[in-house]
Amino acid sequence: MSEVKISAATRTEFGKGAARRIRRDNNVPGVVYEHGLEPLHVTLPGHELLMALRTPNVLIELLIDGKETQLAIPKAVQRDPLKGFLEHVDLLKVKRGETVQVEIYVQTEGELAPGGNLLEHVIPTLPVEAEATDIPDGVTVSIEGLEAGATILAKDIPLPSGATLAVDGETVVLQVLSAQAEEAPEGEDEAAEA
C-alpha cells in the first residue's frame, strides 16, 4: 500500500466556469467526503494527483490549506473521454485503523490446459474489506492446467492478511470456456458435398 502526500486548497467557487478555470491552471477540482459531515470542496495539483492515481487504491495524505492533514482514498475519478486528463475526483476521508470497502484487481498466473481453452474474467475486480492504511494492491490466482468448465469462486481466492471478502463467496470470478469452432454457412456445406 503506497501513501502519497498532496497539498490541496479549499475552494469556494462552483459550477462549470469555475471548474474550467481550475483545470486551465493545471489543477483538478475535487470533493472530500466524510461520514456524517458536509463535503469539503478542494483544488488539487493535476500532475501530482495523476501520478498518485496510477497506483490502485492509493492512500492520499492531504495537506489542506497548509494546516490540516487528512487521509483519503479515491472513490470516483472522472477523466476526459478523448484526452484522458483528470476532470474531477471524489475522495473519501479515512482514519488509521478504520475498515473500508475497496475493489482489488484479480491477476492470473500459469497456463490453461491445452486444447484452445479461453479464460473469462467474470468480475475483473474483487470487492474486499481492509484496513484503510493496509489496502492490498491485488490478488494473484493460479490457473495452471484448468480445463473447460472450471470455475474459480470468490471464496477460493487466497486473500492477503487483514482482508475479507465483501461479496458472496459463491460469486464466480473466473471461468474457463472451450473455444468454439466456426461453423460454415449451410450453403457452403452443400456446395462442398457436390
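Higher on the page you've got the structure.
About the cut-offs
- Residues numbered from 1 in each chain as written.
- Predicted model: local features only at pLDDT ≥ 70, side-chain atom pairs only at ≥ 80, totals over all residues.
- Heavy atoms only, no water.
- Pairing = 2+ DSSP bridges.
- Helix = DSSP H or I, 4+ residues; strand = E, 2+ residues; numbered from the N terminus.
- Axes fitted to C-alpha atoms, helices over the stretch in contact; angles between N-to-C directions.
- Buried < 20%, exposed > 50% of the residue type's maximum accessible area, 1.4 Å probe, protein only.
- Lys, Arg positive; Asp, Glu negative; His and termini not counted.
- Salt bridge = Lys/Arg side-chain N within 4 Å of Asp/Glu carboxyl O.
- Polar contact = N/O pair within 3.5 Å; in protein donor to acceptor, adjacent residues only side chain to side chain.
- Contact = heavy atoms within 4.5 Å.
- Arc of directions from axis to C-beta.
- Core = buried A, V, L, I, M, F, W, Y, C linked by side-chain atoms within 4.5 Å.

A. Spotlight on the sheet that holds strand β8 (residues 117-121). Pairing is antiparallel across the open sheet formed by three strands, whose spatial order is β8-β13-β11. Each end of this open sheet is capped by a strand with a single partner; those strands are β8 and β11 (151-153). Put simply, the sheet's adjacent strands are angled 10° from each other on average, direction ignored.

B. Layout of the side chain of D90. Take D90: it is sitting in strand β6 (residues 86-94). Despite its burial, D90 remains without a salt bridge, the nearest opposite charge being carried by R11 at 7.2 Å. Separated by 3.4 Å, the side chains of D90 and H88 make a polar contact. Those residues in contact with D90 that sit more than four places away from it in its chain are V31, Y33, I73, P74, K75 and A76.

C. Highlighting the environment of V176. Note on placement: V176 falls in strand β13 (residues 172-178). According to the relative accessible area criterion, V176 is buried, its value standing at 3%. Along the primary structure V176 and I143 are separated by 33 residues, whereas in three dimensions their C-alpha atoms are 9.1 Å apart. When neighbours within four sequence positions are excluded, V176 is seen to be in contact with L112, N117, L118, L119, L146, E147, A148, G149 and A150.

D. Quick look at the environment of I22. Counting through the fold element by element, I22 comes out in helix α1 (residues 16-24). Placed 31 residues apart in sequence, I22 and L53 show a C-alpha to C-alpha distance of 19 Å. Every residue in contact with I22, bar those within four places of it in the chain, is listed here: R11, N27, V28, P29 and T43.

E. Representation of α1 within the structure. Where α1 is concerned, the buried positions are A18, A19 and I22. Down the axis, α1 shows its buried residues gathered within 100° of arc, on one side only. Facing away from the buried side of α1, by more than 90 degrees, are the exposed residues K16, R20 and R24. Where α1 is buried, its residues contact β2 (27-33) and β3 (40-45).

F. Quick look at the nonpolar core. The biggest cluster of nonpolar side chains holds 23 residues, and the ones touching the most others in it are I73 and L126. Elements with a contribution of two residues or more to this core: β5 (68-79), β6, β7 (99-109), β9 (125-131), β10 (138-142) and β13. The biggest single contributor to this core is β7, with four residues. In contact with I73, not counting residues within four places along its chain, are V58, L59, D90, L91, L92, V94, V100, V102 and I135. L49, V58, L62 and L86 belong to the second-largest nonpolar core, a separate cluster that totals 17 residues.

G. Structural view of the pattern of salt bridges. Summed over all chains, the structure comprises two salt bridges. Across the pair E34 and K93 runs a salt bridge, and its minimum N-O distance is 3.4 Å. Taken as a pair, E34 in the loop between β2 and β3 and K93 in strand β6 lie far apart in primary sequence, 59 residues in all. Overall, the relative accessible area of 24% leaves E34 in the partly exposed class. By relative accessible area, K93 is classed as buried at 17%. Note that E170 and K155 form a salt bridge whose closest N and O atoms lie 2.6 Å from each other. With E170 in the loop between β12 (164-165) and β13 and K155 in the loop between β11 and β12, this residue pair connects regions lying 15 residues apart in the sequence. A relative accessible area of 48% places K155 in the partly exposed class.

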